[in-house]
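Working through the structure, step by step
Here is how the chains run, residue by residue.
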Amino acid sequence: MTFAHSAPAVRVPGWLTKVPAITATFWVIKILSTTIGETFADYLSVNVGLGPLITDAIMLAVLAAALVVQFRTNRYTPWIYWLCVVLVSIVGTQITDFLTDTLGVSLYVSTAVFSVVLAAVFVIWHRQEGTLAIASIDTPRREAFYWGAILTTFALGTAAGDLATEALSLGFRNGTLIFGGLILATWIARKAGVSQVLTFWIAYVLTRPLGASLGDLLTQDRQFGGLALGASVTSLLFFAVILVLVTREQVLTGRHGITAKGDEPAGGRRSDYAWAGAAVVVLAAAGWGLSGTPAPSNRAELTTATSTTSAKAAHPTTRLGDLSAFTVIATDVKTKVDHNDLTAGKTKVKDLEVAWDDAESGLKPRDPAKWHQLDGEIDTVLTSLRAGSPTQPDCEAGLQTLISTLNTYNGV
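Everything in this summary refers to the structure shown in the same document. Treat the numbers as computed from the prediction; the structure is a model and nothing was measured.

**Regarding the pattern of salt bridges**
Tallied over the entire structure, the rule returns 10 salt bridges. The shortest N-O distance in the salt bridge between K350 and E353 comes to 3.7 Å. Residue K350 and its partner E353 are both found in helix α12 (residues 342-358); the two are separated by 3 residues, about one turn of the helix. Both residues of the pair, K350 and E353, count as buried.

**Re the environment of G362**
Inspection of the secondary structure assignment puts G362 in helix α13 (residues 360-363). Judged by its relative accessible area of 6%, G362 is buried. Distance from G362 to E166, taken between C-alpha atoms, is 9.5 Å for residues 196 residues apart in sequence. Those residues in contact with G362 that lie beyond four places of it in its chain are F172, Q220 and F224.

**A look at the packing of aromatic side chains**
For the coordinates displayed, the defined rule picks out 22 aromatic pairs. Taking 5.0 Å as the distance between ring centres and 55 degrees as the angle between the ring planes, the aromatic pair formed by F122 and W201 counts as tilted. You can see F122 sitting in helix α4 (residues 107-129) and its partner W201 sitting in helix α7 (residues 196-219), a full 79 residues away along the chain. Just as F122 is buried, W201 falls in that class too. Cation over ring: K30 sits above Y204, and NZ or CZ is 4.3 Å from the ring centre.

**Remarks on unusual backbone geometry**
Of note in the backbone geometry, N340 takes a positive phi value of approximately 65 degrees without being a glycine. Note that N340 resides in the loop between α11 (324-338) and α12.

The rules behind each value
Think of each chain on its own: its residues are numbered from 1, step by step along the sequence as written. Local features in this predicted model are restricted to residues whose pLDDT is 70 or higher, and side-chain atom pairs enter the listing and the counts only when it is 80 or higher, whereas totals over whole chains, interfaces and linings include all residues. Hydrogens and water are ignored here; the side-chain numbers use all heavy atoms of the structure. Salt bridge, as used here, is a side-chain nitrogen of Lys or Arg placed within 4 Å of a carboxyl oxygen of Asp or Glu. Helix and strand assignments follow DSSP, with helices taken as H or I runs no shorter than four residues and strands as E runs no shorter than two, numbered in order from the N terminus. Categorising residues by exposure relies on relative accessible area from a 1.4 Å probe, with only protein chains included: less than 20% of the type maximum marks a residue as buried, more than 50% marks it as exposed, and the intermediate range marks it as partly exposed. Should any heavy atoms of two residues lie within 4.5 Å, those residues are considered in contact. Think of it this way: a Phe, Tyr or Trp ring, Trp meaning its six-membered ring, pairs with another when their centres are within 6.5 Å, and the plane angle makes it stacked under 30 degrees, edge-to-face over 60, tilted otherwise. A positively charged side chain is recorded as over a ring if its NZ (Lys) or CZ (Arg) lies within 6 Å of the ring centre. The angle to the ring normal must also be within 35 degrees.

Below, the structure written as structure tokens:
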């Protein structure tokens with residue numbers, strides 16, 4: 001893996017490098033965009049109610065359109081490039097989630113498979129072009145290899161991150177520390193003389209699970225070890241920082257060109273470190289300040305329900321902990337179904353779906369087997385209430401099974 005060009009390249013007249021300079025702000029935007037991408041996909045699927053299949057189709061179509069625009073440009077254009085990164089983050093995550101949640105593929109298997117696929121992409125890329133260097137993305141074929149590799153790194157990063165935090169039950173707090181530590185070790189290795197190309201791609205894979213763990217740390221409820229900012233607040237905060245940093249990139253690139261970013265005064269390394277550091281400080285300060293404010297919407301309902309029923313769950317029988325908040329919502333839905341008001345039950349069950357999805361990152365690592373059982377029972381309830389012609393007996397049966405399981409795991 002070198003920067004040498006040992007194979008002929010078919011260049012398009014006027015093309016310049018199509019990716020940004022790899023600086024501190026690059027890594028900050030990359031990590032934040034990972035969280036934005038995953039949160040936005042979940043919002044469309046669960047909160048808006050599009051479901052995973054429609055959400056996947058929409059994201060694939062939008063990604064394809066964005067990549068068409070990206071390939072038609074002849075130089076690095078920050079807003080187009082980073083839009084593609086966010087969309088690739090979403091689609092890469094959806095690929096892994098589809099394999100795991102829909103097809104039931106083990107995270108061990110998907111991690112191994114994506115590792116092999118990424119290695120194959122790199123081997124073919126290097127044999128065709130003689131380089132894997134990011135600074136050499138200046139032909140259509142190299143850019144195609146680049147985005148193929150990027151998509152695979154997101155799928156691999158998702159699988160490896162889920163394997164560590166869920167299958168190995170490390171949780172998002174440990175995940176943040178572990179993946180952050182691995183990135184630090186990669187940086188040290190680079191300073192010690194290890195290949196810049198190798199360390200870049202290692203870090204690129206690791207930033208995916210780091211961004212997801214960091215996002216979960218900020219969004220998850222305090223009972224799960226998070227800061228309880230909520231997905232909406234975290235997404236808006238991250239988006240604002242990304243918007244500022246990408247706008248700066250757009251201005252600098254327009255004035256000086258990409259190669260000047262690391263050299264000239266307005267976009268030099270010191271300035272870049274200052275902007276990246278300021279972004280981190282702003283995020284930390286905002287997170288610290290907002291962590292003490294009441295959580296919005298369903299998260300507030302979940303917290304209130306937990307506080308009013310915690311006495312019933314003093315001795316949970318699994319590591320999932322206090323599930324009484326979900327019991328409260330499910331019982332409310334069942335009351336409406338018992339009165340044969342299936343329309344109201346269908347409306348109310350949305351609260352259960354959103355609350356359960358919000359708590360997934362905090363609950364699942366504690367006891368994956370029990371979580372999957374409850375997840376399946378909630379899916380049954382959702383399916384029965386959202387059927388074309390729902391029936392009261394089917395809805396009641398699903399809810400009774402779910403409530404019984406929740407009470408069992410809460411020691412009721």
